[in-house]
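Notes for the structure review
Residue strings, one per chain:
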Amino acid sequence: LKSLTYLDLSGISLTPTSVDSDINFAKSLRILLLLECNISKFPRFVRSLKNLEYLNLSHNRIKGNVPDWLWSLPRLTTLYLFNNSFTGFEGSLDHVLANSPVQVLDMSYNSFRGSFPNPPRFIINLSAWNNSFTGEIPLSTCNRTFLDVLDLSYNNFTGLLPPCLGNMNVVTLRKNKLEGSIPD
């Protein structure tokens, strides 16, 4: 498996021991799909995949916090965590995502609570709808010059609408508790 670059195990029910191992395989793996694998813990073996660019863990039962080591994978640009039971992030909210190379992030339909983290610097598409995020939408969102699609609907955000909404092509903020006028 040393030269494997693409692995799709979607729909296969994986055992807890298979995802909780430190198996060091497929160092050249760039794309990993584990959709609907019935896993309840974050796969620990992913930590050793330094060439990983695309990871999809959607439609599982993963609980707890997203591990902080995930954001330090040097080539990870696309991450789908859609439809799990994540509640938060390990590490400091100021830095946890901000220094990540992730450009497409979907963490929608989970159980995230509390303040929303500062998004990755080079984020293009950010989706976190249907969670329980609270507080204001971070102003750092406006400093993300490549951000084109932002969906933070169905959360509990409060405060003023971010002033940078006009810089994006798609913005969905429905079912929050935001106030103020829509920026020009």
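Above this text is the structure in question.
Residues numbered from 1 in each chain as written. Predicted model: local features only at pLDDT ≥ 70, side-chain atom pairs only at ≥ 80, totals over all residues. Heavy atoms only, no water.

1. As for the sheet that holds strand β13 (residues 170-172)
Within a beta sheet, neighbouring strands are joined by backbone hydrogen bonds and run either parallel or antiparallel to one another. Within the open sheet, the 8 strands sit side by side as β1-β2-β3-β5-β7-β9-β11-β13. Their pairing is parallel. Of all the strands in the sheet, just β1 (6-8) and β13 have a single pairing partner and so form its edges. Shown here is a sheet whose adjacent strand axes are inclined to one another by a mean of 5°, direction ignored. Two elements, strand β9 (residues 125-127) and strand β11 (residues 149-151), share 3 bridges in a ladder whose sense is parallel. Counted as the bridge partner of Asn125 is Val149 from β11. (Pairing = 2+ DSSP bridges. Helix = DSSP H or I, 4+ residues; strand = E, 2+ residues; numbered from the N terminus. Axes fitted to C-alpha atoms, helices over the stretch in contact; angles between N-to-C directions.)

2. Comments concerning the packing of aromatic side chains
Aromatic ring pairs: the centre-centre distance and the angle between the two ring planes describe each pair. The final tally for this structure, using the stated rule, is 14 aromatic pairs. Relative to Trp69, the ring of Phe42 lies with its centre 5.6 Å away and its plane at 85°, an arrangement referred to as edge-to-face. Taken together, the residues Phe42 in the loop between β2 (31-33) and β3 (54-56) and Trp69 in the loop between β4 (63-66) and β5 (78-80) connect sequence positions 27 residues apart. With respect to burial, Phe42 and Trp69 carry one shared label: buried. Aromatic pair Phe116 and Phe133: ring centres 4.8 Å apart, planes at 80°, arrangement edge-to-face. With Phe116 in the loop between β8 (113-115) and β9 and Phe133 in strand β10 (residues 132-135), this pair connects stretches of sequence that are 17 residues apart. Here Phe116 matches Phe133 in class, with each residue buried. (Phe/Tyr/Trp six-rings, centres within 6.5 Å; stacked < 30°, edge-to-face > 60°. Buried < 20%, exposed > 50% of the residue type's maximum accessible area, 1.4 Å probe, protein only.)

3. Considering the side chain of Asn60
Relative to the helices and strands, Asn60 resides in the loop between β3 and β4. Using a relative accessible area of 8% as the deciding quantity, one classes Asn60 as buried. A polar contact of 2.9 Å, which involves the side chain of Asn60, links it to the backbone nitrogen of Asn38. Among the polar contacts listed, one links the side chain of Asn60 to the backbone oxygen of Leu57, at a separation of 2.9 Å. Setting aside chain neighbours within four positions, we find Asn60 in contact with Leu34, Leu35, Glu36, Cys37, Asn38, Ile39, Asn83 and Asn84. (Polar contact = N/O pair within 3.5 Å; in protein donor to acceptor, adjacent residues only side chain to side chain. Contact = heavy atoms within 4.5 Å.)

Distances and angles like these do not, on their own, reveal function.
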